[in-house]
Structures are given as C-alpha cells and as structure tokens.
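Residues per chain, in single letters:
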Amino acid sequence: GFFQSYAVEVDIKDASNATCLYADWMMRFLITYESNNGDYKTATLNLTSSVTHNGSICGNDTQAALVALQFGEGHSWSINITKNNETYQGDFITLTYNTNDTAVFPDAKRKGPVTVLVKDPLHPVQLNTVFVCHNSYFIEAENVTQIFWNVTVQAFVQNGTVSKKESRCPADTPTSAPTVPPTIANVTTAFTTTLSPAPTTAPKPVENPDTGNYSLKNGNKTCFLATVGLQLNVSQDKPLLININPKTTVADGACGNTTATLKLNDGNSTMIGF
C-alpha cells in the first residue's frame, strides 16, 4: 500500500529577504530494485513530513537556480532551472535514493545510495509567469518513475512577488476533473494503448502489419533492438484492428543496468510501452 505523500513548499529568499523562487508541489517515486533472492520488486518512495531544502539557490542570468530537497533516510531530489532571455526552464532532475532504508527497500540486494539523472521534459515558461499543473505527469529514467501533481512553481521571481499569470501544463484543461493521487494501478497502465472511438461502420479488412526495426541508444552504443510487426486487436463496441505503421512510428525510451523501456508512438494517439 501507499504511505501518505506530503506536499512540499519551498520559498527561497535572496539577500534582501525577497522571494526569488517559489515552488509548491506533490511527488512520489516508483523504483524497481533487485531483491536478495534475485527477484525484481517495485518500491514506492514518498516524501516524509520532514523535508529540508538545504543548498537551494536563487540563480541569476549566469547561474542556474536550484531547488534541492532532503527527506527520509538519506534520500534527496533536486532540479536546476536555467534562465534564457525571456524564459526559464527546468534543466536536469537528480534523484538519489538510499536502499539502506529498509522501510522502503526491505530486502534490497544492492545497498547504499543510487543516483538517477534525467532531463526535464517540460517546455520553457515565460518570465514573470508561474507554471501550474494540477493533473499528474510522469518522468521515466532507468528503473525509476517520478510522479508529480498539484505543481506550482516560479523561478527568477521579480520584485519578490509570485506572478498571478499562469502557464498550464498540457494535462490541465478547463474541464479537468480534480486530480486523484496516482496508484500502482494507474501508473503501470500509463503506457497501455489509447484509441479513438470505434467506427460506426464495419471496418475494412486489415492486412498483416509491416515489420518495423526499432532501436535505442545509450550514448553511442545501441542498447535495445526490436524487429517486430504489431497489430492491435481491441474489443470496444465492435472489434477493432489497428496496424502499427513503422514508417510513421517513433521509438523512444531508455536503457538501464537492469531494465530497459521501449515506447512506440504512431502519432495517432496510440502509444505502446515494453
């Protein structure tokens, strides 16, 4: 089950005691690790009620801002935020989790701190604008899924006052329902196929799918190869067959030491994850 995940509020001040960076958000982490008997398990790492932000800095035109958190039994998380002309943007996110924390990793084979570095995928935000994202979004790297929701952040705050002008994430719409904190069930299905409504007329016969060659690189080395033809058979109001076209499908993902993720996106709202 899940433990309570606490919200984090960070209000960083400059030398004149004026707010220069403000952030308020919730997050948790799903971490796959190897147990002593060789099995792989998924642990849930939540923020605790006691979180410090030692080392956080305001940043300026030449130095990145930094939000750094420390929590639990030797865990830490940070993001550096860079300023470029009229925008600011998250650069790299660093998570260090400590498998010596037996409450989270009760039988981990590898002991000690493990660091995961990932590029922040979010788009730049205009200066004097606060970034807001109520709905959940996910960032994957190696064997870790980072989950964020109820996010409010503004870097390089002007005149010590957080802006009332908002930049919303794509997941937020005017009709969005209130966010439900993510669970194992809706995280592990994040890369199942999503399809448009089934046609009202009988579908035309679908031929066998073309074979695609998909690969991932880790630096200059190829770390994942897949040669496969993919056809989806979906039961909706009527059976629906869809072929994945390798000519229009983009492969993405990442390779770790013990796990690899391949994500295929055909550009027509269909995403498949392996």
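Note: the structure precedes this text.
Residues numbered from 1 in each chain as written. Predicted model: local features only at pLDDT ≥ 70, side-chain atom pairs only at ≥ 80, totals over all residues. Heavy atoms only, no water.

A. Broad picture of unusual backbone geometry. If you check the backbone angles, Asn85 has positive phi at about 55° while not being a glycine. Topologically, Asn85 is positioned in the loop between strand 6 (75-84) and strand 7 (87-98). For Asn85, a relative accessible area of 65% puts it in the exposed group. Despite not being glycine, Glu142 has its phi angle at roughly 50°, a positive value. On the secondary structure map, Glu142 appears in the loop between strand 11 (137-141) and strand 12 (144-154). (Helix = DSSP H or I, 4+ residues; strand = E, 2+ residues; numbered from the N terminus. Buried < 20%, exposed > 50% of the residue type's maximum accessible area, 1.4 Å probe, protein only.)

B. Representation of the pattern of salt bridges in the model. Tallied over the full model, the rule gives eight salt bridges. Across the salt bridge formed by Glu34 and Lys109, the nearest N and O atoms sit 3.8 Å from each other. Here the residue Glu34 occupies a position in strand 2 (residues 19-34), and Lys109 occupies one in the loop between strand 7 and strand 8 (113-119), the gap between them amounting to 75 residues. Given the relative accessible area of 52%, Lys109 is considered exposed. Residues Asp61 and Lys83 are paired through a salt bridge, measuring 2.7 Å at the closest nitrogen-oxygen approach. Here Asp61 is found in the loop between strand 4 (51-52) and strand 5 (65-71), whereas its partner Lys83 is found in strand 6, with 22 residues between them in sequence. Taken together, the salt bridges that share partners define one network made up of Glu166, Arg168 and Asp172. (Salt bridge = Lys/Arg side-chain N within 4 Å of Asp/Glu carboxyl O.)

C. Seen up close, the state of the cysteines. Counted under the stated rule, the structure contains three disulfides. Two residues, Cys20 and Cys58, share a disulfide whose sulfurs are 1.9 Å apart. As the torsion about the S-S bond is roughly -75°, the Cys20-Cys58 disulfide counts as left-handed. Linking Cys20 in strand 2 with Cys58 in the loop between strand 4 and strand 5, this pair joins segments that are 38 residues apart in sequence. Comparing Cys20 with Cys58, the two get one shared label, buried. Across the disulfide from Cys133 sits Cys169; the S-S distance is 2.0 Å. Between Cys133 and Cys169 the sulfur-sulfur dihedral comes to about 70°; the bridge is accordingly right-handed. Within this pair, whereas Cys133 is found in strand 10 (residues 130-133), its partner Cys169 is found in the loop between strand 13 (166-168) and helix 1 (184-188), the two being separated by 36 residues in sequence. Like Cys133, the residue Cys169 is buried in the burial classification. (Disulfide = S-S within 2.5 Å.)

D. Up close: the packing of aromatic side chains. One pass over the structure, following the stated rule, counts six aromatic pairs. Ring geometry for Tyr33 against Phe105: centres 5.2 Å apart, planes inclined by 90°, an arrangement best described as edge-to-face. Taken as a pair, Tyr33 in strand 2 and Phe105 in the loop between strand 7 and strand 8 lie far apart in primary sequence, 72 residues in all. Accessibility expressed as a relative area gives 8% for Tyr33, which makes it buried. Against the face of Phe92 rests Lys119, its NZ or CZ located 4.9 Å from the ring centre. (Phe/Tyr/Trp six-rings, centres within 6.5 Å; stacked < 30°, edge-to-face > 60°. Lys NZ or Arg CZ within 6 Å of the ring centre and 35° of its normal.)

E. Focus on the environment of Glu73. Tracing the backbone shows Glu73 in the loop between strand 5 and strand 6. For Glu73, a relative accessible area of 54% puts it in the exposed group. Distance from Glu73 to Thr102, taken between C-alpha atoms, is 9.1 Å for residues 29 residues apart in sequence. Setting aside residues no more than four positions away along its own chain, Glu73 makes contact with Asn98 and Asp101. (Contact = heavy atoms within 4.5 Å.)

F. Main features of the environment of Asn46. The topology assignment puts Asn46 in strand 3 (residues 40-46). Taking the C-alpha atoms as reference points, Asn46 and Met27, separated by 19 residues in sequence, lie 7.2 Å from one another. In terms of polar contacts, Asn46 uses its side chain to reach the side chain of Arg28, at 2.8 Å. (Polar contact = N/O pair within 3.5 Å; in protein donor to acceptor, adjacent residues only side chain to side chain.)

Honestly, that's just the spatial picture; any functional story needs more than this.
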